[in-house]
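Close look at the chain arrangement
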Amino acid sequence: MVRRTKEEALATRHKLLDAAEHLFQVQGVSRTSLQDIARRAGVTRGAVYWHFKDKADLFNAMMDRVILPLEQSFQDRLGQEGPADPLARIRSGVEEALVRIAGDPQARRVFEVATHKVEYVDELQAVRLRHLQSRNDFLLQVGAGLQTAAQLHAVELAVPAATAAQGLHAIIDGLIQSWLLESAAFDLVALGRDVMEVYLRGLGFSRANNGTAPAR
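These numbers were taken from a predicted model, which means no experiment stands behind them.

What counts as what
Residues numbered from 1 in each chain as written. Predicted model: local features only at pLDDT ≥ 70, side-chain atom pairs only at ≥ 80, totals over all residues. Heavy atoms only, no water. Axes fitted to C-alpha atoms, helices over the stretch in contact; angles between N-to-C directions. Helix = DSSP H or I, 4+ residues; strand = E, 2+ residues; numbered from the N terminus. Parallel < 35°, antiparallel > 145°, perpendicular 65-115°, else oblique. Contact = heavy atoms within 4.5 Å. Phe/Tyr/Trp six-rings, centres within 6.5 Å; stacked < 30°, edge-to-face > 60°. Buried < 20%, exposed > 50% of the residue type's maximum accessible area, 1.4 Å probe, protein only. Expected span 1.5 Å × (residues − 1). Arc of directions from axis to C-beta. Polar contact = N/O pair within 3.5 Å; in protein donor to acceptor, adjacent residues only side chain to side chain. Core = buried A, V, L, I, M, F, W, Y, C linked by side-chain atoms within 4.5 Å. Salt bridge = Lys/Arg side-chain N within 4 Å of Asp/Glu carboxyl O.

Helix packing for two helices is described by the angle between their axes and how far apart those axes are. Their axes nearest at 5 Å, the elements helix 5 (residues 86-103) and helix 6 (residues 105-116) cross at an angle of 95°. Judged by the inter-axis angle, helix 5 sits roughly perpendicular to helix 6. Side by side, helix 5 and helix 6 meet where Arg100, Ile101 and Gly103 of the first sit next to Pro105, Ala107, Arg108 and Phe111 of the second.

Within this structure, the stated rule accounts for 1 aromatic pair. On the basis of an interplanar angle of 40° and a centroid distance of 5.9 Å, the ring pair of phenylalanine 24 and phenylalanine 59 is categorised as tilted. Here the residue phenylalanine 24 occupies a position in helix 1 (residues 2-27), and phenylalanine 59 occupies one in helix 4 (residues 55-79), the gap between them amounting to 35 residues. A residue is classified by how much of its surface remains accessible, and phenylalanine 59, at 2% relative accessible area, is buried.

In this model, helix 9 (residues 188-203) (16 residues) spans 22 Å end to end at C-alpha, consistent with the 22 Å of a helix rising 1.5 Å per residue. Along helix 9, the residues classified as buried are Leu188, Val189, Gly192, Met196, Glu197, Tyr199, Leu200 and Leu203. Down the axis of helix 9, the buried side of the element spans an arc of 165°, and every buried residue falls inside it. Of the residues in helix 9, the exposed ones pointing more than 90 degrees away from the buried face are Val198 and Gly202. In this fold, the buried residues of helix 9 make contact with helix 5, helix 7 (125-152) and helix 8 (161-181). Between a side-chain oxygen at the N-terminus of helix 9 and the backbone nitrogen of valine 189 the separation is 3.0 Å; the capping residue is aspartate 187. After helix 9 finishes, the residue glycine 204 shows a positive phi value of roughly 120°.

Attention shifts here to the side chain of arginine 130. Within the fold, arginine 130 resides in helix 7. On the accessibility criterion, arginine 130 (13% relative accessible area) is buried. If sequence neighbours within four positions are ignored, arginine 130 has contacts with Asn60, Asp64, Ile67, Leu68 and Glu71.

Residues Phe24, Ile37, Leu58, Phe59, Leu146 and Phe205 are the most contacted members of the largest nonpolar core, which totals 61 residues. Of all elements in the fold, only helix 1, helix 2 (34-41), helix 4, helix 5, helix 6, helix 7, helix 8 and helix 9 reach the threshold of two or more residues within this core. For this core, the element with the most residues is helix 4, which contributes 10 residues. Apart from residues no more than four positions distant in its own chain, phenylalanine 59 is found in contact with Phe24, Val29, Val113, Ala114, Val118 and Val127.

In the Ramachandran plot, alanine 154 falls in the positive-phi region, its phi being about 55° despite a non-glycine side chain. Within the element layout of this structure, alanine 154 appears in the loop between helix 7 and helix 8.

Checked against the element boundaries, leucine 87 lands in helix 5. The buried category is assigned to leucine 87, whose relative accessible area is 0%. Considering only alpha carbons, one finds leucine 87 and leucine 146, 59 residues apart in sequence, at a separation of 6.4 Å.

On to the side chain of histidine 51, then. With respect to the secondary-structure elements, histidine 51 resides in helix 3 (residues 45-51). Leave out the neighbours within four places in its chain, and histidine 51 touches Ala9, Thr12, Arg13, Leu16 and Asp57.

So, on to the pattern of salt bridges. What the rule picks out here adds up to 10 salt bridges. Arginine 109 is the salt-bridge partner of glutamate 21, the closest N and O atoms lying 3.0 Å from each other. With glutamate 21 in helix 1 and arginine 109 in helix 6, this pair connects stretches of sequence that are 88 residues apart. For the pair glutamate 21 and arginine 109, one class covers both residues: buried. For lysine 117, the salt bridge goes to glutamate 112, with nearest N and O atoms at 3.6 Å. Classification of lysine 117 as partly exposed rests on a relative accessible area of 25%. Residues participating in the shared-partner salt-bridge network are Asp18, Glu21, Arg65 and Arg109.

Laid out in structure tokens, this is it:
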């Protein structure tokens, strides 16, 4: 009985998150009420508050359902031990994220909401903080990875590693935002791969710097 209750509670939570995804995409976050979400999910408003503190809490849970697996995968790649160097892991991690956004309707929907359908008004400051945390984690990981890769391959970076990470984030984030506006305009994965490669070459890396670390 307890197990069934837990399963039912989890199912209700997912119904609410599914409803929020669709309503946020159509109406925008600020124009969607918790009552709207409850109605679409087929539950009471009280059920919403049982699972989520407020709209920002619900929004961040919706994001985490898609973003956390991507972030964890990226962190796992950069934290791996073995022959592949951090530059190869950065390349594959970014490409994996682009493939997921382009090929997974749920990931695309959530990124569209986060990019084009949210306003950082007072009730959604927690959403802004979550967005900043995600960005800052990316910058720290990629900055450290680029610095290590430069040392492994005896490359003198054209700019400091932290600045290089900021640039890569701006490029990838900009491509995703542009693609979400008009997905037919270009192939997100192919263009993202090519632009990332041009950028890395501009930093001083070559395509050959991808794979195993040089022997010491």
